[in-house]
Amino acid sequence: MSTLTYAVHDSTTMLRRNLKHAIRYPSVGLGSAMMPILMLLLFVYAFGDSIGAGMGGGRDTYVKYLTPGIIIMGVAAGSMSTSIAVCSDMTEGIINRFRTMNITRSSFMTGHVLGSVIQTMVCMVPVVGVALAVGFRSGATPLEWLAAAGLLTAIAFAVTWLSVALGLISKTVESASNKPLLIQFLPFLGSAFVPADSMSPGLRWFAENQPFTPMTETLRGLLSGSAIGNDAWISLAWCAGITVVGYVWSRSLFNSTTKR
């Protein structure tokens, strides 16, 4: 077999390992879904009427605006489990076992990334279900729903590679659980909960120039069936850039950590 074939085979094995871990410990996945669900319920029922009135509508208007931001936040929250899992593997000695085996080194990280992306996308299903239950309605076509799923997958893939690097630089599981908090916090400083136009000038500038705002606006446009403009290309460019940075950083850290 070629080198690529070996890499694919080893990555599939690592993916299967991580999916089995997810099935055995479903609480980790449920935790990733529960936070966005709780935030959705909190903002809809505590602030939905007042914020919706400020948008020229009511609670239903705000639910339609809020749901894409909550979904993006949920995708970002899924990165915490990846960082913890990678750090756990690095500190508990399993890497030493892998070093004695004839496997592709990159398959360890690839398995974590693909497993996390699958787990994150599955966890978004109940988030969308709760959003529909509280009044979210989408005017998207099946093709736009498919594009939305593709965008979320790209975001999850990019953020997960960055989380792998954060797990590799962490010395303990506790620190690995704290480092991705910045990633999870960034949607709050974007247009996920309120329009960027309503923010103060400094915060507005930051919101308009950070990655999660165009991602949120792209998803919002896809789910509402409205025009997206340049946000789609900007979002994909951010996803590509974050993926490259995360992959290169992770590979460099992993190679230096596991060097004989």
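For the structure, see preceding data.
The numbers attached to residues start from 1 for each chain and follow its sequence in the written order. The predicted origin of the model limits local features to residues at a pLDDT of at least 70 and limits the giving and counting of side-chain atom pairs to 80 or more, whereas totals for whole chains, interfaces and linings rest on all residues. As a rule here, side-chain values come from all non-hydrogen atoms in the structure, and water together with hydrogens is ignored.

J.: I'd like to hear about the side chain of Ser163, residue by residue, with values.
T.: By the secondary structure assignment, Ser163 is in helix H7 (residues 142–169). A simple rule labels every residue: compare its accessible area, found with a 1.4 Å probe on the protein chains alone, to the largest value its type can have, and call it buried under 20%, exposed over 50%, or partly exposed in between. When its relative accessible area of 0% is taken as the criterion, Ser163 is described as buried. Here, two residues are considered to be in contact whenever any of their heavy atoms come within 4.5 Å of each other. The residues contacting Ser163, other than those within four sequence positions of it, are Ser79, Thr82, Ser83 and Ile183. Helix numbering and strand numbering both begin at the N terminus, where a helix is a DSSP run of H or I of at least 4 residues and a strand a DSSP run of E of at least 2.

J.: Tell me what's going on with the packing of helix H3 (residues 59–77) against helix H11 (residues 212–224), and back it up with residues and numbers.
T.: Interaxial angle, 0 to 180 degrees, is taken between N-to-C directions of lines fitted to C-alpha atoms, where a helix line uses only the stretch in contact. The interhelical angle for the contact between H3 and H11, taken along N-to-C directions, is 130°, at an axis separation of 9 Å. When the interaxial angle is binned, H3 and H11 end up oblique. By crossing handedness, the relation of H3 to H11 is classed as right-handed. Contact residues: Lys64, Tyr65, Pro68, Gly69, Ile71, Ile72 and Ala76 in H3; Phe212, Met215, Thr216, Glu217, Leu219, Arg220, Leu223 and Ser224 in H11. Under the grouping applied here, Gly and all other residues not named as nonpolar or charged are polar, the nonpolar ones being Ala, Val, Leu, Ile, Met, Phe, Trp, Tyr, Cys and Pro and the charged ones Asp, Glu, Lys and Arg. Within the contact of H3 with H11, the residues separate by chemical class into nine nonpolar, three polar and three charged. Angular relationships are summarised with four words: roughly parallel below 35 degrees, roughly antiparallel beyond 145, roughly perpendicular across 65 to 115, and oblique for the angles in between. It is the rotation of the near helix from the far one that decides the hand of a crossing: anticlockwise by less than a right angle makes it left-handed, clockwise makes it right-handed.

J.: Lay out the side chain of Gln184 with the relevant residues and their values.
T.: With respect to the helices and strands, the residue Gln184 is situated in helix H9 (residues 181–185). Assessed through its relative accessible area of 6%, Gln184 is described here as buried. Contact partners of Gln184, with chain neighbours within four places excluded, come to Met35, Met73, Ala76, Ala77 and Met80.

J.: For H11, give the residues involved together with the corresponding values.
T.: With 13 residues, H11 should reach 18 Å at 1.5 Å per residue; the first-to-last C-alpha distance of 18 Å fits that figure. Across the 13 residues that make up H11, a large majority, 11, are buried. Buried residues of H11: Phe212, Thr213, Pro214, Met215, Thr216, Thr218, Leu219, Arg220, Gly221, Leu222 and Leu223, and no others. Immediately downstream of H11, the backbone of Gly225 shows phi near 75°, a positive value. Under the convention used throughout, the expected extent of a helix is 1.5 Å for every residue step, that is, one less than its residue count.

J.: A description of the packing of helix H4 (residues 79–91) against H7 should follow, citing residues and the corresponding values.
T.: At a closest axis distance of 8 Å, the pairing of H4 and H7 adopts a crossing angle of 35°. Pair H4 / H7 crosses with right-handed handedness. Note on element contacts: H7 touches H4 through Val159, Thr160, Ser163, Val164, Leu166, Gly167 and Leu168, opposite Ser79, Thr82, Ser83, Val86, Cys87 and Met90. Among the residues forming the contact of H4 with H7, the class breakdown is seven nonpolar, six polar and no charged.

J.: Can you break down the packing of aromatic side chains residue by residue, with the values?
T.: In this scheme Phe, Tyr and Trp rings, the latter by its six-membered ring, pair at centre separations within 6.5 Å, and the angle between planes marks the pair as stacked below 30 degrees, edge-to-face above 60, and tilted otherwise. For the structure on display, the rule yields six aromatic pairs. Measuring from ring centre to ring centre gives 6.4 Å for Phe157 and Trp161, while their planes differ by 85°; the resulting arrangement is edge-to-face. Here Trp161 and Phe157 lie together in helix H7, a separation of four residues that amounts to about one turn. Its relative accessible area of 5% is what places Trp161 among the buried residues. One Lys or Arg, Arg220, reaches over the ring of Tyr65 and ends 3.6 Å from the middle of that ring. Either the NZ atom of lysine or the CZ atom of arginine qualifies as a charge over a ring when it sits within 6 Å of the ring centre and within 35 degrees of the ring normal.

J.: Would you mind going over the layout of surface pockets in detail, with residue names and values included?
T.: Its volume calculated, the second largest pocket comes out at about 220 Å³. Cavity and pocket criteria rest on a 1 Å grid covering protein atoms alone: a 1.4 Å probe that fits but cannot get out defines a cavity, protein on both sides within 12 Å along at least 5 of 7 lines defines an open pocket, and an atom within 4 Å of a point defines a lining residue. Lining the second largest pocket are 13 residues, and of these Leu162, Ile183, Leu186, Pro211 and Ile242 sit closest to its centre. Elements with a minimum of two residues in the lining of the second largest pocket: H7, H9 and helix H12 (231–257). Here the element with the most residues in the lining of the second largest pocket is H12; it accounts for four residues. The residue makeup of the lining of the second largest pocket, split by class, is 11 nonpolar, one polar and one charged. Grid points are joined across faces, edges and corners, and a volume is the space filled by probe spheres set on the points.

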